[in-house]
Amino acid sequence: MSLAARHLEENGIATVVMGCAKDIVEYCGVPRFLFSDFPLGNAAGRPKDPDSQAFTLELALWVLEAAPAPRTTVQSPLRWNEDPAWKLDYSNIDRLSAEEIQRRRQEFDRQKEIAKTVREAPPAAG
Amino acid sequence: MTGHEQDLGFAPEHDAPIPYMHRIREYYQTLGYGTPYRWAHYAEVPFQPLKKPLAECRVTLITTAAPYQPGKGDQGPGAPYNAAAKFYRVYSSDTALDHDLRISHVAIDRAHTTAEDSNTYFPLPLLRRCAAVGRIGAVAPSFHGMPTNRSQRATIERDCPELLARCRADGADAAILVAN
């Protein structure tokens, strides 16, 4: 998504990225970024919480309008949970047993094979 | 944490944005995949200020979500990662209609979210309301789906130009890109 934002921007279309992976987006470098410190999959707000979603989109529009320079990041003040312990879980190898690592290795190989099949299939119309 | 630090009101050390690049690198190295993924990285960043007030701009929405595909396995809510639901070509659909988009093909945080509410990753209904109240000029006629392709070359050389052409065809002045 960061690459797409850069390409549109280079060609005259102003962009804002809404995202939850701060380091990855900033490492790429985008013109405007609204960062929500939420689990991946919630860049547009909290589930079943219309106020959170409306607030998040409004912040993104505001960043689109008001960013003074490229690499402008605004962090949403919303919290996923008062307890930040959720941040310790994602892809945290230190929290996985040897058996779980083995299971995930097999699952990763299986999914990679599936993805290869999808990619090599003839493209759908349109 | 010492008593002195508690007095200063500091947050816990891990209460900071997740270091995804570090985590993912270590994760796959431990799983046995030697060559670490190289994330896209640029020193220069383009910048195009809005050419007119947002209330006069035609805004498009760009998503990595995929249309629900019957017969392609569990796509949620709460689905495990499902590579069969991936797509590899930019797609576009009518923003005036409602859509059933899913993110089972993306590495979202499955321990802490289920993707039960598409408004958390595809805010089209809300964007239409922004247009209705005049916050933006209009929603562009189409939204666009960007493939989550591991090949950055395919993204840069094929998908980005295709996306630009589609945004231009719609007369979009600005784009909101929602990452997953």
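Because the structure is predicted, anything quoted here is derived from the model rather than measured. (Residues numbered from 1 in each chain as written. Chains lettered and ligands numbered in written order. Predicted model: local features only at pLDDT ≥ 70, side-chain atom pairs only at ≥ 80, totals over all residues.)

A few points about the overall build of chain B
The condition is simple: Secondary structure elements follow DSSP: runs of H or I no shorter than four residues count as helices, runs of E no shorter than two count as strands, and numbering proceeds from the N terminus. Burial in this document is a count-based property: other C-beta atoms within 10 Å of a residue's C-beta are tallied, and the residue is buried at 20 or more, exposed at 12 or fewer, or partly exposed in between, with C-beta positions derived from the backbone. Any two residues are considered in contact once their C-beta atoms, placed from the backbone, lie within 7 Å.
Looking only at helices and strands, one finds four helices and seven strands in chain B. In sequence order, chain B lays out its α and β elements as α-α-β-β-β-β-α-β-β-α-β. With the principal axes as the frame, chain B shows a C-alpha extent of 55 × 45 × 35 Å. Within chain B, buried positions represent 37% of all 180 residues. Restricting to contacts in chain B with at least 6 residues of sequence separation, those with at least 24 account for 72%.

With respect to the packing of helix H1 (residues 2-10) of chain A against helix H4 (residues 152-169) of chain B
Basically, it comes down to this: To get an axis, a line is fitted to the C-alpha atoms, and for a helix only the part in contact is used. The angle between two axes follows their N-to-C directions and goes from 0 to 180 degrees. Any angle that falls under 35 degrees is termed roughly parallel, while one over 145 is termed roughly antiparallel, one within 65 to 115 roughly perpendicular, and all others oblique. Left-handed describes a crossing in which the near helix is turned anticlockwise from the far one by less than a right angle; the clockwise case is right-handed.
Relative orientation of the contacting elements H1(A) and H4(B) amounts to 50°, with a least axis distance of 9 Å. As judged from the angle between their axes, H1(A) and H4(B) are oblique. Our pair here, H1(A) against H4(B), has a crossing hand that is right-handed. Listed contacts from H4(B) to Leu3(A), Ala4(A), His7(A) and Leu8(A) of H1(A) are Gln152(B), Thr155(B), Ile156(B), Cys160(B), Leu163(B), Leu164(B) and Cys167(B).

Quick look at the interface of chain B and chain A
Spelled out, the test is: Three classes are used: nonpolar for Ala, Val, Leu, Ile, Met, Phe, Trp, Tyr, Cys and Pro, charged for Asp, Glu, Lys and Arg, and polar for all others, with Gly counted as polar. Two strands make a pair as long as DSSP finds a minimum of two bridges between them.
Taken together, the 70 residues of chain B in the interface contact 69 residues of chain A. Looking at the side of chain B that touches chain A, the elements that each hand over two or more residues are helix H2 (20-31), helix H3 (124-132), H4 and strand E7 (174-178) of chain B. Looking at which element gives the most residues to the side of chain B that touches chain A, the answer is H2(B), with eight residues. Across the side of chain B that touches chain A, the residue classes tally to 47 nonpolar, 13 polar and ten charged. Here strand E1 (residues 14-19) of chain A runs beside E7(B); their pairing, made up of five bridges, is parallel. Looking at the pairing, Val17(A) lines up with Leu177(B) of E7(B).

With respect to the nonpolar core
Quick note on the threshold: To count as a nonpolar core, a set of buried Ala, Val, Leu, Ile, Met, Phe, Trp, Tyr and Cys residues must be joined through C-beta atoms within 7 Å.
Formed by 70 residues in total, the largest nonpolar core has its most connected members in Val17(A), Met18(A), Ala60(A), Ile176(B) and Leu177(B). Among the elements that line this core, the one with the most residues is helix H3 (residues 50-66) of chain A, at six residues. For Met18(A), the contacting residues outside a window of four places in its chain are Leu34(A), Ala43(A), Ala44(A), Ala60(A), Ile176(B), Val178(B) and Ala179(B).

Here's the deal with unusual backbone geometry
The residue after Gly76(B), namely Pro77(B), is reached through a cis peptide bond having omega 0°. Tracing the backbone through its elements, the reader meets Pro77(B) in the loop between strand E2 (66-67) and strand E3 (91-94). Here the phi dihedral of Lys48(A) falls at roughly 55°; this positive angle occurs in a residue that is not glycine. Along the chain, Lys48(A) falls in the loop between strand E2 (32-35) and H3. Among the residues examined, Lys48(A) registers 11 C-beta atoms within 10 Å and is labelled exposed.

Re the pairing of strand E1 (residues 58-63) of chain B
All names here are of chain B. For E1, a buried count of five out of six residues is recorded, marking the element as mostly surrounded by other parts of the structure. With two bridges connecting them, E1 and strand E5 (residues 138-139) associate as parallel partners. Along E5, the bridge assignment pairs Val59 with Val139. Sheet analysis places E1 next to E7, joined by five bridges and oriented parallel. Bridging from a neighbouring strand, Thr63 pairs with Val178 of E7. When E1 meets strand E6 (residues 142-145), the two strands line up parallel, connected through two bridges. Each residue of the ladder has a partner; that of Thr63, found in E6, is Gly145.

Points about the environment of Gly76(B)
All names here are of chain B. With respect to the secondary-structure elements, Gly76 resides in the loop between E2 and E3. In this structure the C-alpha to C-alpha distance between Gly76 and Lys52, which are 24 residues apart in sequence, comes to 40 Å. Not counting residues within four places of it along the chain, the set of residues in contact with Gly76 comprises Arg102, Ser104, Thr114 and Ala115.

Brief notes about the pairing of E1(A)
All names here are of chain A. Keep this limit in mind: Crossover handedness is defined by viewing with both strands directed away from the observer: a clockwise path from the first strand over the helix to the second marks the crossover as right-handed.
The element E1 is extensively covered by neighbouring structure, given that six of its six residues are classed as buried. Where burial is concerned, the two faces of E1 agree: the one with Ala14, Val16 and Met18 and the one with Thr15, Val17 and Gly19 are both buried. Here E1 pairs with E2 via three bridges, running parallel. Across the sheet, the residue bridging to Met18 is Leu34, located in E2. Handedness of the E1-helix H2 (residues 22-28)-E2 crossover: right-handed.

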